[in-house]
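The lines below spell out each chain.
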Amino acid sequence: MSYPTPAFEDKICAPEALAARLAALPRPIVFTNGCFDILHRGHVTYLAQARALGASLVLGLNTDASVKRQGKGDDRPINSELNRAAVLAALESVSLVTWFDSDTPADLIELVQPDVLVKGGDWTVDKIVGSAETLARGGEVHSIPFLFATSTTQTINKIRAAEDQQ
């Protein structure tokens, strides 16, 4: 027996097809970006809060190569960009997942032209890439405080510590 491809896979969109897909999304459009390597409670809470700021949430995902350039570790990302995109697309709060390979999402933000630009609480509004351009267009920029002390790095360190004890 064959099973249909899950509908959430349709929410994954190559950057070159983004313009047409954006036109179909309800506004206001919220944009955020990140690695989202091992999804945890902090991630899903943050994404739900970001989505609540608009009608659609577009997520720009760092490619594997751009994650490696961030210096998070030789073995990062743990999950491939395709797998990370699928997991994120399965979330109700996420409307569309695309990706970028550069060191910042500046070009992708210019393409999306979001009404609302969002990053996590470790970013001040003045340091968020694309904030000046978004504000100049009349949009909003938000830094959402973290509600849970979780991180992918902490999760990986906990796994490694457990492996060392065996």
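Residues numbered from 1 in each chain as written. Predicted model: local features only at pLDDT ≥ 70, side-chain atom pairs only at ≥ 80, totals over all residues. Heavy atoms only, no water.

Looking only at helices and strands, the protein chain features 7 helices and 5 strands. Secondary structure elements of the protein chain occur, N-terminal to C-terminal, as α-β-α-β-α-α-β-α-β-α-β-α. On C-alpha atoms alone, the protein chain measures out to a radius of gyration of 16 Å, which is about the 15 Å that the 2.2 N^0.38 rule sets for 166 residues. Dimensions of the protein chain along its principal axes, counting C-alpha atoms only, are 55 × 50 × 25 Å. The 166 residues of the protein chain split such that 40% are buried. A separation of at least 24 residues holds for 73% of the contacts in the protein chain among residues at least 6 apart in sequence. Approximately 9000 Å² of the protein chain is accessible, and the part contributed by carbon and sulfur atoms is 55%. Separation between the mean location of the 15 positive side-chain charges and that of the 20 negative ones in the protein chain comes to 4 Å. (Helix = DSSP H or I, 4+ residues; strand = E, 2+ residues; numbered from the N terminus. Rg over C-alpha atoms; globule rule 2.2 N^0.38 Å. Buried < 20%, exposed > 50% of the residue type's maximum accessible area, 1.4 Å probe, protein only. Contact = heavy atoms within 4.5 Å. Areas by Shrake-Rupley, 256 points an atom, 1.4 Å probe, with all protein chains shown as cover. Lys, Arg positive; Asp, Glu negative; His and termini not counted. Charge placed at Lys NZ, Arg CZ, Asp CG, Glu CD.)

For the rest of this paragraph, the subject is unusual backbone geometry. Cis geometry is found at the peptide bond from R27 to P28, where omega equals 5°. When you line up the elements, P28 lands in the loop between α1 (18-23) and β1 (29-34). Residue R76 is joined to P77 through a cis peptide bond whose omega torsion reads 0°. Take P77: it is sitting in the loop between α3 (64-69) and α4 (81-89). The phi dihedral of F36 is positive, around 50°, even though this residue is not glycine. Examined against the element boundaries, F36 turns out to sit in the loop between β1 and α2 (41-51). Residue class for F36 comes out buried when judged on its relative accessible area of 8%.

Residues annotated in UniProt with the feature "domain: Cytidyltransferase-like" (unreviewed entry) correspond here to residues 31-127. Span residues 31-127 is 34% helix and 22% strand, its end C-alpha atoms 16 Å apart. (UniProt positions renumbered as here; feature names shortened; annotations may be inferred.)

Right, let's get into the environment of I78. You can see I78 is positioned in the loop between α3 and α4. In sequence terms I78 and T152 are 74 residues apart; their C-alpha atoms lie 9.7 Å from each other. Non-local contacts of I78, meaning those with residues more than four positions away in its chain, are made with D37, I38 and I156.

It is worth spelling out the layout of surface pockets at this point. Its boundaries defined by the atoms lining it, the largest pocket holds a volume of some 690 Å³. Lining the largest pocket are 31 residues, with G34, K72, K119, D122 and W123 positioned closest to its centre. Taken together, the elements giving at least two residues each to the lining of the largest pocket come down to β1, α2, β4 (116-120) and α7 (152-164). Counted by class, the lining of the largest pocket contains 11 nonpolar, 14 polar and 6 charged residues. (1 Å grid on protein atoms, 1.4 Å probe; cavity = no way out; pocket = protein on both sides within 12 Å on 5 of 7 lines; lining within 4 Å. Points joined across faces, edges and corners; volume = space filled by probe spheres on them. Nonpolar A, V, L, I, M, F, W, Y, C, P; charged D, E, K, R; others polar.)

What follows deals with α2. Taken residue by residue, α2 has G42, H43, T45, Y46, L47 and A50 as its buried positions. Looking at the buried side of α2, the elements it contacts are β1, β2 (56-62), α4, β4, β5 (140-144) and α7.

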